[in-house]
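Architecture at a glance
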Amino acid sequence: MTIIYLDLETIGTDDESVVSVKPPGNLKKAESIAKWEAEEKPQAIKEAIAKTAFDGTYGRIICAGIAINDGPPQSFVAETEHALISGLFHTIREASAIDYHGGSTQQATFVGHNITGFDLPFLKKRAIILGIHPPDVIPLNAKPWDRSVFDTMVQWDADRDKRIGLDKLCKVLGIESPKVDMDGSKVGEYFKAGRIAEIATYCRADVAAVRHVYKRMIFA
């Protein structure tokens, strides 16, 4: 069985028209609304755009990290999101291909932190939007309990109210956290500054941390 550890780094849309920002409902007077629009609306729009980084409908992938079994983590960045995803899919196809009674089939388990809630749904949307056919082995519609995935967030605690971030889980387990100099909230900022190499390094560190957490959880 091939184990594929996966992590995506995403940013929000560049199109302000896809976000809807309205003044708070408690503002009724025209002058109060005008004051809000002048002083607070720009920041509200900025925050709304940032949130699209969590939705593959409008956000996009700017880095993907994977590790195959015990191999070194690798990251994918490219001039276009289409090229990035295509390269990722090609690597996954090759990594998951196995000989089976003289033929070839694909089989793998995908491991990630919140992979069923974020990474796989995001990747599915972007593949559809960009017209890229994903490898059949990727469980894009997987539920947290499917054997084709191991979601370290859900496996730690299935209670939605007790979900834990990777940073805190690493600290609990005594594993070095990848979120030292940066975390997911800074990816957009780094991308705009052209600090792609640092994002890729961070993404690979996330993958390595997830693999470490996974092995602790299965007592490997």
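The present account deals with the structure reproduced in this document. (Residues numbered from 1 in each chain as written. Predicted model: local features only at pLDDT ≥ 70, side-chain atom pairs only at ≥ 80, totals over all residues. Heavy atoms only, no water.)

1. A word on the nonpolar core
One finds L88, F110, L120, L123 and I138 to be the most contacted residues of the largest nonpolar core, which totals 28 residues. Broken down by secondary-structure element, the contributors of at least two residues to this core are β1 (2-11), β2 (60-68), α3 (81-96), β6 (108-112) and α4 (115-130). In contact with L123, other than residues within four places in its own chain, are L8, I61, I85, L88, F89 and L140. One finds I164, I175, V207 and A209 within the second-largest nonpolar core, a separate group that totals 17 residues. (Core = buried A, V, L, I, M, F, W, Y, C linked by side-chain atoms within 4.5 Å. Buried < 20%, exposed > 50% of the residue type's maximum accessible area, 1.4 Å probe, protein only. Helix = DSSP H or I, 4+ residues; strand = E, 2+ residues; numbered from the N terminus. Contact = heavy atoms within 4.5 Å.)

2. Examining the pairing of β2
Of all nine residues in β2, eight are buried; the element is thus mostly enclosed. By the bridge criterion, eight bridges tie β1 to β2 in an arrangement that is antiparallel. Counterpart to E9 in the pairing with β2 is C63. The pairing of β2 with strand β3 (residues 74-76) spans three bridges and is antiparallel. Residue pairing in the sheet places G65 in a bridge with S75 of β3. The turn linking β2 back onto β3 is made up of five residues, and N69 within it adopts a positive phi angle of 50 degrees. (Pairing = 2+ DSSP bridges.)

No statement about biological role is implied by the geometric values presented.
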